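A closer look at the structure
These are the residues of each chain, in order.
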Amino acid sequence: MKSLLRLFRSEPSIARPLYDQVVGKARTPHWYVEGRVPDTMEGRFAVLATLLALTDLRLERGGEDAGRASVGLAECFVHDMDSQLRQDGVGDPVMGKKVGSLVGALGGRVGAWRRAVDGEESWEAVASRSLYREKVPSDAALAHSLGELKRYWEALQGRSDEALIGGVLP
């Protein structure tokens, strides 16, 4: 019975250190200064969702523990978005719809970045949509963000599953 209950138990704590580190990376000023992503709720969400998408893709390509951490990462995201929306005064009647929309936005980015990583779509096109909603402020801003995302992806690939799950990010 205990093993059956574990199937339905949420374990976002496995990915909490990783999630916290990704949030920290998304708060780095260079995204908003050199990269010129709008320093708004929407812009900050775009950076966070982009970094989470790349991190999730790396976990998908890992072992069994990385797969569990991928699920935990999504659960941490949902919990965080729920908490943020509540702080902004969003009530229960619309909470599910709003969180669902944010989860959908993250899922869309995961799919887009999967295509970029697999060479089916250009990194430039995906970064433009993912960070700027195709309203790129300048070539220099896109070049900065694109360089940072490529370095982040390469560094993620160089980390072991254990290090990533523990929150050791590039």
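Moving on, we get to the overall build of the protein. Each helix and strand in the protein was counted, giving eight helices and zero strands. Tracing the protein from N to C terminus, the helices and strands come up as α-α-α-α-α-α-α-α. The buried share among the 170 residues of the protein stands at 41%. Expressed as a percentage of contacts within the protein between residues at least 6 apart in sequence, the contacts between residues at least 24 apart total 65%. Carbon together with sulfur atoms contributes 53% to the accessible area of the protein, which is approximately 9,100 Å² in total.

On to the environment of phenylalanine 45. Note that phenylalanine 45 resides in helix H3 (residues 41-60). A sequence separation of 61 residues divides phenylalanine 45 from leucine 106, and the C-alpha atoms of the two residues are 9.4 Å apart.

Another aspect to go through is the packing of H3 against helix H7 (residues 139-157). Axis separation between H3 and H7 bottoms out at 10 Å; the angle between their running directions is 30°. The orientation of H3 with respect to H7, classified from their angle, is roughly parallel. Classified by chirality, the crossing of H7 by H3 is right-handed. Where H3 abuts H7, its residues Thr50, Leu51, Leu54, Thr55, Leu57 and Arg58 lie against Leu149, Tyr152, Trp153, Leu156 and Gln157. Tallied by class, the residues present in the contact of H3 with H7 amount to seven nonpolar, three polar and one charged.

Mean pLDDT for the protein: 84, with 79% of residues reaching 70 or above. The secondary structure element of the protein with the lowest average pLDDT is helix H1 (residues 2-8), at 46, and the one with the highest is H7, at 97. Residue range residues 1-8 is modelled with pLDDT below 50. Its contacts to residues more than four positions away, or to other chains, number zero contacts.

The next subject is the packing of H3 against helix H6 (residues 123-132). It is at 8 Å that the axes of H3 and H6 come closest, and there the two elements cross at 135°. By the angle class used here, H3 and H6 are oblique. Judged by residue contacts, Ala46, Val47, Thr50 and Leu54 of H3 engage Trp123, Ser130 and Leu131 from H6. In terms of residue class, the contact of H3 with H6 is made up of five nonpolar, two polar and no charged.

About the cut-offs
Residues numbered from 1 in each chain as written. Predicted model: local features only at pLDDT ≥ 70, side-chain atom pairs only at ≥ 80, totals over all residues. Heavy atoms only, no water. Helix = DSSP H or I, 4+ residues; strand = E, 2+ residues; numbered from the N terminus. Buried < 20%, exposed > 50% of the residue type's maximum accessible area, 1.4 Å probe, protein only. Contact = heavy atoms within 4.5 Å. Areas by Shrake-Rupley, 256 points an atom, 1.4 Å probe, with all protein chains shown as cover. Axes fitted to C-alpha atoms, helices over the stretch in contact; angles between N-to-C directions. Parallel < 35°, antiparallel > 145°, perpendicular 65-115°, else oblique. Left-handed = near helix turned anticlockwise from the far one by under 90°. Nonpolar A, V, L, I, M, F, W, Y, C, P; charged D, E, K, R; others polar. pLDDT = per-residue confidence, 0-100.

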